Amino acid sequence: MKKTLYTALLCALVTGSYAQEPKKDTVVVITVDSTKQEDPVRDRRVSVTIGNWKDDSDSSTRKRSGFSAQFTFSRFDLGLSKYLDNGSFTLSPANSFLENKPWKTINVGFDLFELHYRFNPYVKLYVAGGIDWNHIRLKQDINILPDQPQLSYEPATVDYDKNRLSSTYLRIPMGLQFRTRDDARGKKVYFVAGPEVGFLLNGKLKQVSDELGKEKVKDDFNFNPFRFGASARLGYGDFGVFAKYYFTDVFADGQGPSDFRNMSFGFMLNF
């Protein structure tokens, strides 16, 4: 995952450094999408825009509408993941093997592409694409078994320093975003809410122990191949908070605990 994050950051920096200057009054243009004129380098993004726009001296009154497609590095999420067993945060005895360490069970994600339609300077509707990880830091010394028709485990013979079950999803969020005019500091308040779908890319079990060292096993581990949920975000400038809840079960139907849901909340960077 670290390599993926580094690669994404490098791509974002490279595309930003080679972006072109804005063009005005064209039907189809390749632009530098900068929401703050006073700092065009930091906010520079490569985008394809359909529509007309007018650049005013005050960025908060910039008149801009139409479709825009852009490669970006945005909505970087880092937060905690919680699991509800039939609506309760307390796991049932049958599912107690999934008990986790709360402060080490986390959600990480970011978007790499966005297609949006801006109605006016303050409202836009977007659909994006990115990657989302959920890491379950298991408390018990167990081995989650791969290639099983149902989620299965066995007691381990070693003490694990780390026993982490992870899922990686392609996330496709859709959001209706509202933002204010620039304040005295040149920053805006943002709010966005909308649905999100996800498609499973892979699952992984990572274990670390003194006896066996570091071990990794890749498998789908009966995770749900498709998930559907909703998210909300609130921020100021480049920083904010997020919350997500998924209406589908964590594990595939008939292959794991039923009515076992996931929610995440935490901090985010870059609207």
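Worth saying up front: this structure is predicted, and the values here are computed from it rather than measured.

Asks: Pulling in residues and values, what's your account of a nonpolar patch on the surface?
Replies: On the surface, a cluster of nonpolar side chains totalling about 900 Å² of accessible area is made up of Phe119, Leu125, Met174, Leu176, Phe178, Val189, Phe191, Leu234, Val241 and Phe267. The biggest single contributor to the nonpolar patch is strand β10 (residues 160–179), with 3 residues. Along the chain, the position of Phe119 falls in strand β6 (residues 106–120).

Asks: Could you give an account of the side chain of Ser264, with specific residues and numbers?
Replies: Position of Ser264 relative to the elements: it lies in strand β15 (residues 260–269). Here Ser81 takes part through its side chain, which lies 3.1 Å from a polar atom of the side chain of Ser264. Here Ser264 is in contact with Leu80, Ser81, Asn107, Asn134, Phe242, Ala243 and Lys244, once residues within four sequence places are set aside.

Asks: Before we move on, could you go through a negative patch on the surface and cite the residues and values that matter?
Replies: A contiguous patch of negative charge, built from Asp159, Asp161, Asp210 and Glu211, is present on the exposed surface. Counting through the fold element by element, Asp161 comes out in strand β10. The class of Asp161 is partly exposed, set by a relative accessible area of 47%.

Asks: Please provide a residue-by-residue account of the nonpolar core, values included.
Replies: If you look at the biggest cluster of nonpolar residues, it comprises 16 residues, and the most contacted ones within it are Leu98, Leu138, Ile144, Leu165, Phe223 and Phe251. Contributions of two or more residues to this core are made by β8 (142–144) and β10. The next biggest cluster of nonpolar side chains, apart from the first, holds 7 residues, and it includes Tyr126, Phe242, Met268 and Phe271.

Asks: Tell me about the confidence of the model for the chain, and name the residues and values.
Replies: On average, residues of the chain score 85 in pLDDT, and 76% of them are at 70 or above. Within the model, pLDDT remains below 50 along residues 12–47, and this stretch shows 83 contacts once partners closer than five positions in the same chain are excluded. Note that residues 49–63 has pLDDT below 50 and, in this model, 57 contacts with residues that lie over four places away or in other chains.

Asks: Could you give an account of the environment of Gln148, with specific residues and numbers?
Replies: Structurally, Gln148 can be placed in the loop between β8 and β9 (153–155). On the accessibility criterion, Gln148 (33% relative accessible area) is partly exposed. Sequence separation between Gln148 and Gln255 is 107 residues; the distance between their C-alpha atoms is 8.7 Å. Within the local environment of Gln148, its side chain forms a polar contact with the backbone oxygen of Pro146, the two atoms lying 3.2 Å apart.

Asks: Describe the packing of aromatic side chains, and please don't skip the residues or the numbers.
Replies: Throughout the structure, instances matching the rule amount to 15 aromatic pairs. Centroid distance Phe73 to Phe110: 5.0 Å. Interplanar angle 40°. Geometry classified as tilted. Here Phe73 is found in strand β5 (residues 66–85), whereas its partner Phe110 is found in strand β6, with 37 residues between them in sequence. Given a relative accessible area of 14%, Phe73 falls into the buried group. Since its relative accessible area comes to 1%, Phe110 is described here as buried.

Calculation notes
Residues numbered from 1 in each chain as written. Predicted model: local features only at pLDDT ≥ 70, side-chain atom pairs only at ≥ 80, totals over all residues. Heavy atoms only, no water. Patch = residues over 30% accessible without salt bridge, like charges linked within 9 Å, V, L, I, M, F, W, Y side chains within 5 Å. Areas by Shrake-Rupley, 256 points an atom, 1.4 Å probe, with all protein chains shown as cover. Salt bridge = Lys/Arg side-chain N within 4 Å of Asp/Glu carboxyl O. Helix = DSSP H or I, 4+ residues; strand = E, 2+ residues; numbered from the N terminus. Polar contact = N/O pair within 3.5 Å; in protein donor to acceptor, adjacent residues only side chain to side chain. Contact = heavy atoms within 4.5 Å. Lys, Arg positive; Asp, Glu negative; His and termini not counted. Charge placed at Lys NZ, Arg CZ, Asp CG, Glu CD. Buried < 20%, exposed > 50% of the residue type's maximum accessible area, 1.4 Å probe, protein only. Core = buried A, V, L, I, M, F, W, Y, C linked by side-chain atoms within 4.5 Å. pLDDT = per-residue confidence, 0-100. Phe/Tyr/Trp six-rings, centres within 6.5 Å; stacked < 30°, edge-to-face > 60°.

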